[in-house]
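# Descriptive analysis of the structure
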Amino acid sequence: MAAVGSRDYYDTLGVPRDASEEDIRRAYRRLARENHPDVNKDPGAEDRFKEVSEAYETLRDADKRRAYDAGGRGGPAGGGFRGGGGSRDAGDFRDVRVDFGSEGFEDIFEGMFGSGGGFGGGFSRRSAQQEAVLELPLEEAVRGGRRRLTLDGSEYEVDLPPGIRDGQRLRVGDLLLRIRVRPHPRFDVEGRDLFTDLPVAPWEAALGAEIPLRTLDGGTVRVRVPAGSSCGRRLRLRGQGLPGQGGEPPGDLYAEVEIRTPKKLTRQERKLFEQLRDTSKFDPRSDA
C-alpha cells in the first residue's frame with residue numbers, strides 16, 4: 001500500500017486528536033464502507049480507502065498512536081509507519097512477489113520487519129535468516145490454505161492455518177514470516193472474535209425484530225434484536241467468529257446495534273413521527 005503523503009491521520013478519519021477508540025473505529029467503518037472499491041466505483045475511491053485503512057492501522061493501536069502523536073502532525077516519531085511524512089531507514093529493502101496461485105493475489109513486501117516497528121509488508125536480512133511480513137485480507141486469513149511465494153529468488157510453500165491471526169509468526173525453512181491482517185471495512189477482530197455493526201430502524205429497536213446480517217464469508221444469518229434495544233447493544237452469535245487453532249473452539253461474532261433514522265421522511269412518515277412525539281412520555285435524557 002502506497003504512502004499517503006503528509007496528511008494527518010486524524011484529518012483522514014475526520015476525528016479530533018483526543019478521539020476515543022470507539023470514535024476512531026466508527027469513523028473508519030463509515031469511511032471504509034463509503035470508499036470500498038467493491039461498493040464505490042469512483043476512480044479515486046480505492047486511494048481514499050487505502051488512506052483511511054492506513055490511518056486506522058496506526059490510530060487503533062495504542063502504542064502506534066502514542067508514537068505517531070509524539071512525532072507530531074508531520075508523521076510518527078522515528079518513522080516506522082507508513083505515510084505521515086515520517087522518515088524511514090532504507091536498510092536492506094527489496095521488492096518481493098507473492099504468488100497466491102489461481103486466486104491471483106499478489107502483494108509487495110517493502111519496509112522493515114523488527115524493532116523498527118515497520119508494518120504493511122517488508123523483509124530484511126538478519127545473517128542467514130530472512131524475515132518478512134505477509135499482508136492478507138481478512139477473508140484470506142480465515143480460509144487459510146497453501147500459498148506459494150518467491151523471495152529473493154527462493155520459492156517457499158506456506159501452509160496458512162484457517163483463522164491465522166494478525167501478528168502470528170510462521171517459520172518456513174530459513175524464512176520467518178509474520179502475518180499482517182489488513183483492516184476490514186465491516187469487521188473488527190479481537191482474538192478469535194469478530195465485531196460488526198448491525199443497522200436497525202428506530203421501530204425495529206423499539207419493537208424488536210429479526211434482521212438479516214451478512215457474514216464474513218458472504219452468507220446471511222438472522223439476528224434477533226430484543227425490543228427496547230439501544231445503540232451499542234451487542235448481540236452474540238456463538239461460533240460465527242474466526243476458526244480456532246490447535247483444538248481451540250471458534251470465536252464468536254458480535255453484532256452491535258446501530259440505530260439509523262431516515263435521511264428524508266415522506267409526508268406520512270413525518271406525520272407518524274410527529275404523532276409519536278406528541279403522545280410519548282419517553283425522555284431519553286432522564287436517568288429514570
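These notes cover the structure that comes with them. (Residues numbered from 1 in each chain as written. Predicted model: local features only at pLDDT ≥ 70, side-chain atom pairs only at ≥ 80, totals over all residues. Heavy atoms only, no water.)

### Some points on a nonpolar patch on the surface
As a reminder, the rule being used: Only residues whose relative accessible area exceeds 30% and that form no salt bridge enter a patch; like-charged residues are grouped when within 9 Å of one another, and nonpolar side chains (Val, Leu, Ile, Met, Phe, Trp, Tyr) when within 5 Å. Exposure was quantified through the Shrake-Rupley algorithm and a 1.4 Å probe, taking into account, for residues, occlusion by the shown protein chains and nothing else. Should a side-chain nitrogen of Lys or Arg be within 4 Å of a carboxyl oxygen of Asp or Glu, the pair is scored as a salt bridge. Each helix is a run of DSSP H or I of at least 4 residues and each strand a run of E of at least 2, with the numbering of both proceeding from the N terminus. In this scheme, a residue with accessible area under 20% of its type's maximum is buried, one over 50% is exposed, and one in between is partly exposed, where area comes from a 1.4 Å probe on protein chains only.
A surface patch of nonpolar side chains, about 430 Å² in accessible area, is lined by W203, L207, F273 and L276. If you list the elements that add at least two residues to the nonpolar patch, you get helix 6 (202-207) and helix 7 (267-279). Looking at the secondary structure, you find F273 in helix 7. Overall, the relative accessible area of 30% leaves F273 in the partly exposed class.

### Observations regarding the environment of P250
Where we set the bar: Working rule for contacts: check all heavy atoms of both residues, and any pair within 4.5 Å makes them a contact.
The topology assignment puts P250 in the loop between strand 12 (234-237) and strand 13 (253-259). Sequence-wise, P250 and R192 are 58 residues apart; in three dimensions their C-alpha atoms are separated by 6.7 Å. Apart from the residues lying within four places of it in its own chain, the contact partners of P250 are R192, G239, L242, P243 and G244.

### Observations regarding the packing of aromatic side chains
The criterion, for reference: Only Phe, Tyr and Trp rings are paired, with Trp represented by its six-membered ring, and only when their centres lie within 6.5 Å; those with planes under 30 degrees apart are stacked, over 60 edge-to-face, the remainder tilted.
Overall, the coordinates contain four aromatic pairs when judged by the stated rule. With centroids separated by 4.1 Å and ring planes inclined at 5 degrees, the aromatic side chains of Y28 and Y56 adopt a geometry described as stacked. Taken together, the positions of Y28 in helix 2 (residues 21-35) and Y56 in helix 3 (residues 45-59) put the pair 28 residues apart, joining distant regions of the chain. Among the residues examined, Y56 registers a relative accessible area of 5% and is labelled buried. Between F195 and Y254, the ring centres sit 5.0 Å apart and the planes meet at 10 degrees, which makes this aromatic pair stacked. With a gap of 59 residues between them, F195 in strand 9 (residues 193-200) and Y254 in strand 13 connect regions that are remote in the sequence. There is no split in this pair, since F195 and Y254 are both buried. Ring pairing ties together the aromatic residues Y9, Y10 and Y68, which thus form one cluster.

### Quick notes on the pairing of strand 11 (residues 220-225)
As a reminder of what qualifies: At least two DSSP bridges between two strands are required for those strands to pair.
Pairing between strand 10 (residues 209-214) and strand 11: six bridges, direction antiparallel. If you follow E210 over to strand 11, its bridge partner there is R224.

### Re the pairing of strand 4 (residues 145-151)
Where strand 4 and strand 5 (residues 154-160) come together, seven bridges link them in antiparallel fashion. By the bridge assignment, L149 is partnered in strand 5 with Y156. Linkage of strand 4 to strand 5, two consecutive antiparallel strands, is achieved through a turn of two residues, within which D152 is found at a positive phi near 55 degrees.

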